[in-house]
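One letter stands for each residue in the lines below.
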Amino acid sequence: SQQGEEDPQALSIQEGENATMNCSYKTSINNLQWYRQNSGRGLVHLILIRSNEREKHSGRLRVTLDTSKKSSSLLITASRAADTASYFCATDGGGNDYKLSFGAGTTVTVRA
Amino acid sequence: DAGVIQSPRHEVTEMGQEVTLRCKPISGHNSLFWYRQTMMRGLELLIYFNNNVPIDDSGMPEDRFSAKMPNASFSTLKIQPSEPRDSAVYFCASSKGLLNEQFFGPGTRLTVL
């Protein structure tokens, strides 16, 4: 079963708007990662946030992590058409369980 | 850096045939992962290696699937015999250490008729 679940399943926004998607997971983790996948391509790593971190930024991306609620959010600010993609969160199983489990993803469409 | 290299990019075969997918990880990466992606099941981890040693193959769906990593720069995923339900995109990824960011290859799209 999938460890992480993203919400919403799909999101459509206007260029320049912000996009927020959430991820919930079930067990303790070492890290939580966010990846992007453009149609027909491999996944591209965006951000890794460790379990002892609460917030992380990378360019227009902001990730938060709340381990008490077992949830994370990814915010894309000032979206561009090129941000159109599917976004996945991925979590390990914590401790020595290094298997990465991916959620079903959020499909983001940015309208020009 | 060329990134993770996978071959072939597309494979069409008939049920019962043997299929071999190949992966060359990024030089210097010591962890390698094989994933399968389908619409129904999403992205699933099949097996991963650390320092060429298989660590966890619990995601391999059946004995028809096998994977090897004979050296640090090459890995194979073999399906024998293949079945139509094996049709999927198979990704290889590599990383420096098991808990770090993974770099994905472009994938092999497998169609079993």
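Here the structure is shown first, and the text comes after it.
Residues numbered from 1 in each chain as written. Chains lettered and ligands numbered in written order. Predicted model: local features only at pLDDT ≥ 70, side-chain atom pairs only at ≥ 80, totals over all residues. Heavy atoms only, no water.

Counting its secondary structure elements, chain B contains zero helices and eleven strands. Seen in sequence order, chain B has helices and strands lined up from the N terminus as β-β-β-β-β-β-β-β-β-β-β. Taking 13 Å as the expected radius of gyration for a compact globule of 113 residues, we find that chain B reaches 13 Å, a close match to that expectation. Taken over the C-alpha atoms alone, chain B extends approximately 35 × 25 × 25 Å along its principal axes. The buried share of chain B, taken over its 113 residues, is 47%. When the accessible surface of chain B is split by element, carbon and sulfur atoms take 50% of a total near 5,500 Å². Chain B carries 11 positive and 12 negative side-chain charges, and their two centres are separated by 4 Å. (Helix = DSSP H or I, 4+ residues; strand = E, 2+ residues; numbered from the N terminus. Rg over C-alpha atoms; globule rule 2.2 N^0.38 Å. Buried < 20%, exposed > 50% of the residue type's maximum accessible area, 1.4 Å probe, protein only. Areas by Shrake-Rupley, 256 points an atom, 1.4 Å probe, with all protein chains shown as cover. Lys, Arg positive; Asp, Glu negative; His and termini not counted. Charge placed at Lys NZ, Arg CZ, Asp CG, Glu CD.)

Right, let's talk about the interface of chain B and chain A for a bit. With 18 residues of chain B at the interface, the matching set in chain A holds 18 residues. Across the chain B/chain A interface, buried area totals approximately 1,500 Å², and carbon plus sulfur atoms make up 56% of it. The largest share of the area that chain B buries against chain A comes from Leu43, Leu99 and Phe104 of chain B, three residues that together contribute 35% of it. The tally of links from chain B across to chain A stands at one salt bridge. Here aspartate 56 of chain B and lysine 99 of chain A are joined by a salt bridge, their closest N and O atoms 3.3 Å apart. At the surface where chain B touches chain A, the tally comes to five residue pairs in polar contact (both at pLDDT 80 or more). Those elements that provide at least two residues to the side of chain B that touches chain A are strand E4 (31–38) and strand E5 (42–50) of chain B. In terms of residue count, E5 of chain B provides more of the side of chain B that touches chain A than any other element does, four residues in total. In terms of residue class, the side of chain B that touches chain A is made up of nine nonpolar, six polar and three charged. (Contact = heavy atoms within 4.5 Å. Buried area = accessible area lost by both parts, 1.4 Å probe. Salt bridge = Lys/Arg side-chain N within 4 Å of Asp/Glu carboxyl O. Polar contact = N/O pair within 3.5 Å; in protein donor to acceptor, adjacent residues only side chain to side chain. Nonpolar A, V, L, I, M, F, W, Y, C, P; charged D, E, K, R; others polar.)

All names here are of chain B. Here four strands make up an open sheet; going across it, the order is E1-E3-E8-E7 and the pairing antiparallel. Only two strands of the sheet have a single partner each, and these edge strands are strand E1 (5–7) and strand E7 (65–71). Averaged over all neighbouring strand pairs, the angle between strand axes comes to 15°, with direction disregarded. For E7 and strand E8 (residues 74–79), the ladder comprises five bridges, and the chain directions are antiparallel. Considered in E8, the bridge of phenylalanine 65 is made with isoleucine 79. (Pairing = 2+ DSSP bridges. Axes fitted to C-alpha atoms, helices over the stretch in contact; angles between N-to-C directions.)

This paragraph deals with the packing of aromatic side chains. To describe a pair of aromatic rings, one takes the distance between the centres and the angle between the planes. The full count for this structure, using the stated rule, is eight aromatic pairs over all chains. When the ring of phenylalanine 102 of chain A is compared with that of phenylalanine 104 of chain B, the centres are 6.1 Å apart and the planes differ by 85°; the resulting orientation is edge-to-face. Linking phenylalanine 102 of chain A in strand E10 (residues 101–102) with phenylalanine 104 of chain B in strand E10 (residues 103–104), this pair reaches from one chain into another. Residue phenylalanine 102 of chain A shares its accessibility class with phenylalanine 104 of chain B, and that shared class is buried. A connected cluster of aromatic rings, assembled from ring pairs, spans Tyr35 and Phe102 of chain A together with Phe33, Tyr35, Tyr48, Phe91 and Phe104 of chain B. (Phe/Tyr/Trp six-rings, centres within 6.5 Å; stacked < 30°, edge-to-face > 60°.)

This part covers the pairing of E5 of chain B. All names here are of chain B. With eight of nine residues buried, E5 lies mostly within the body of the structure. Bridge analysis of E4 against E5 gives eight bridges, and the strand direction is antiparallel. Directly across from leucine 32, in E5, lies its bridge partner phenylalanine 49. Taking the residues between adjacent antiparallel strands as the criterion, E4 and E5 are bridged by three residues. Bridge analysis of E5 against strand E6 (residues 53–56) gives three bridges, and the strand direction is antiparallel.

That is the geometry; function is a separate question.
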